[in-house]
Every structure is written in structure tokens, then in C-alpha cells.
Amino acid sequence: MNSHRYILLLLIVSLTTRICLSLPIAIASEEKLKLTLYYEALCPACEDFVVNYVDNIFDNGLISIVDLKLSPYGNAKINPNGTIVCQHGEWECRLNTIEACSIHAWPAPSDHFPFVYCIEKLNSEGKYTEWETCFEKLDLDPNPVTDCYSRGIGHELELQYADEILALEPPHAYVPWVVVDGQPLYDDYTDFISYICKAYKGSNMPKACLGLTRIITAPTDTIKSFNHVCYLEEDNVKSKSKPKSTLSKIISSTVASWMT
Ligand SMILES: *[C@@H]1O[C@H](CO)[C@@H](O)[C@H](O)[C@H]1NC(C)=O
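Worth saying up front: this structure is predicted, and the values here are computed from it rather than measured. (Residues numbered from 1 in each chain as written. Predicted model: local features only at pLDDT ≥ 70, side-chain atom pairs only at ≥ 80, totals over all residues. Heavy atoms only, no water.)

Peer 1: Looking at this model, I keep getting lost on the pairing of strand β2 (residues 66-72). Mind explaining?
Peer 2: Residues in a regular strand point their side chains to alternate faces of the sheet. Taking burial as the measure, the 7 residues of β2 include 5 buried ones, the bulk of the element. Pairing of strand β1 (residues 33-39) with β2 involves 7 bridges; the strand directions are parallel. Bridging across to β2, L33 finds its partner in V66. Tracing the backbone out of β1, into helix α2 (residues 44-52) and back to the parallel element β2 gives a crossover that is right-handed. (Buried < 20%, exposed > 50% of the residue type's maximum accessible area, 1.4 Å probe, protein only. Helix = DSSP H or I, 4+ residues; strand = E, 2+ residues; numbered from the N terminus. Pairing = 2+ DSSP bridges. Right-handed = clockwise from strand over helix to strand, strands pointing away.)

Peer 1: What's the story with the state of the cysteines in this structure? I'm lost.
Peer 2: Note on terminology: a disulfide is the covalent bond linking the sulfur atoms of two cysteines. Applying the stated criterion across every chain yields a total of 5 disulfides. Between C43 and C230 runs a disulfide, and the two sulfur atoms are separated by 2.2 Å. Judged by the sign of its S-S torsion, about 110°, the bond between C43 and C230 is right-handed. Separated by 187 residues along the polypeptide, C43 in the loop between β1 and α2 and C230 in strand β8 (residues 230-231) bring together distant segments of the chain. (Disulfide = S-S within 2.5 Å.)

Peer 1: What am I meant to see in the packing of helix α3 (residues 90-105) against helix α6 (residues 143-150) here?
Peer 2: Helix-helix packing is described using two parameters, namely the angle between the two axes and the distance between the axes. Taken N-terminus to C-terminus, the directions of α3 and α6 make an angle of 125°; their axes are 8 Å apart at the nearest point. As far as their axial angle goes, α6 and α3 are oblique. Seen from above, α3 lies across α6 with right-handed handedness. Contacts from R94, T97, I98, C101, S102, H104 and A105 of α3 reach α6 at P144, V145, C148 and Y149. Broken down by class, the residue content of the contact of α3 with α6 amounts to 7 nonpolar, 3 polar and 1 charged. (Axes fitted to C-alpha atoms, helices over the stretch in contact; angles between N-to-C directions. Parallel < 35°, antiparallel > 145°, perpendicular 65-115°, else oblique. Left-handed = near helix turned anticlockwise from the far one by under 90°. Contact = heavy atoms within 4.5 Å. Nonpolar A, V, L, I, M, F, W, Y, C, P; charged D, E, K, R; others polar.)

Printed below as a string of C-alpha cells:
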């Protein structure tokens, strides 16, 4: 081996070592807990959960230890031709897609959550057709969201969310379906903060976890809220076995027609 090649080899080895050694440090500082909310627009228990429960983690400091992921698809169905049918009709599909577009446009939870909250709040007041007022209320540029929607990107995002919720193990039975670090909370979901605090192993325990009894004061009756969850219908379960390739083939052909 000549000296040039030897030096080059040394360089590659030292670089690789540095990259590998720096990885565990990066992961250690990422000690957040994954909180995923599977939900759908116009489902009363989902509106209630977003507005009266999830919103609290942005005020009580819990967001600093939580990696919040919203999945706005829920129990919708995909037709063989790639169009989506939603439990609560066309408006649910539209708002799910708009919310998916907002997550796509503003990936940080602190950026998209206020918009999602705004829409869900309007939904809970029966004013869901006024969702566009959320841009003005929050001083947000509507273009990234409306472009995503009108160009069919939102529809593709929805198909991805569909794949994610249908791949859940154990499978979801209803929405809101709340998963903390891979574990579904079932009908205990309104208590998600205590689950997060219990599961957190990091060194930055938020104060909110210490005064737990005070922060979990349900603004609405938990049982009343649970009565309004939206169950997965039987015929949706079958679509779980639908091959992905069929879906991706029909996406492009149906986006145009779906938009009209
Ligand atoms: C897609 O299929 C559904 C039912 O299978 C039908 O109602 C709808 O009109 C179809 N849409 C398009 C764009 O072909």
C-alpha cells in the first residue's frame, strides 16, 4: 500500500470513528417520549381531547419532554379507486387533509398545533366551515396549506396516515387513540399526562409531573367524553390487508378528480 492510500485510509477511519462516537451523545439528549394522537376531524371526543387536554402540554412545560405526533386520519376508508370516505362525511375528509397539510407545512408541533387547535375548537362549536379564519386569527400564511391541499399533496399525506394507523399493533379500536412510546392508553387516554410522567426516564422532569394531582383536573367529565369516541367500523378492518402498490398506483390518477 503506498503512503497516499494509507493516509486516505487513516482519514476515512478517523472520520468514521468520530461520526460513530458522536451518535450516542446526540441520542442521549433526545430523551423525549413519543406521544402519538390518532384522531379524525368532526369526532366529538377528538375535538374535546385536542382542545381540553393536549393543549395543556404547551402551557405546563410537558412539551419539552414530549415528541408530539398528530395523525389526522382516524377511521376513514379508502375506495378501490383511491378516493377516501370519512365517517363524518366530506367535511371530515377535507379538514383531516387540511390539518395534515398544516403539519406538513409547519413540522414543529409548536408551529402546527395552534392551527389544528383552532380548527378543532371551531369544530366543537359547530363552526367547522369557518376553518380558514384560523389563518387570520393566528397570523399564518395560508399558501403552504392551501397549495398542499389543492395540489393533492394532502391526499397523499392522508394515504400515508392511513397506512400508519392500519399498521398499529395492537390495532386501534376507536379514535381518539393515544399511544405513549408504543403503548396504547385505551380508555385511559385522558390521563395521558400521568402516563408520560411515569414513563419519563430523563433528567429534565418538568414541574408539571411533580404536582400531578393538580394538573389532571379534567375540564369535562371523562366518561362523558369517552361516550363520544368514534369506533372503527367492521368493514374498515378488512381494508388493512389491501396491498400498498395498488394504492400508490391509483393516487396520481385520482388526485385530479378528487380535487374537483
Ligand atoms: C370511486 O369509487 C367510489 C365507490 O367505489 C365511487 O362512489 C366514486 O364515485 C368513485 N370516484 C371516482 C373519482 O372514480
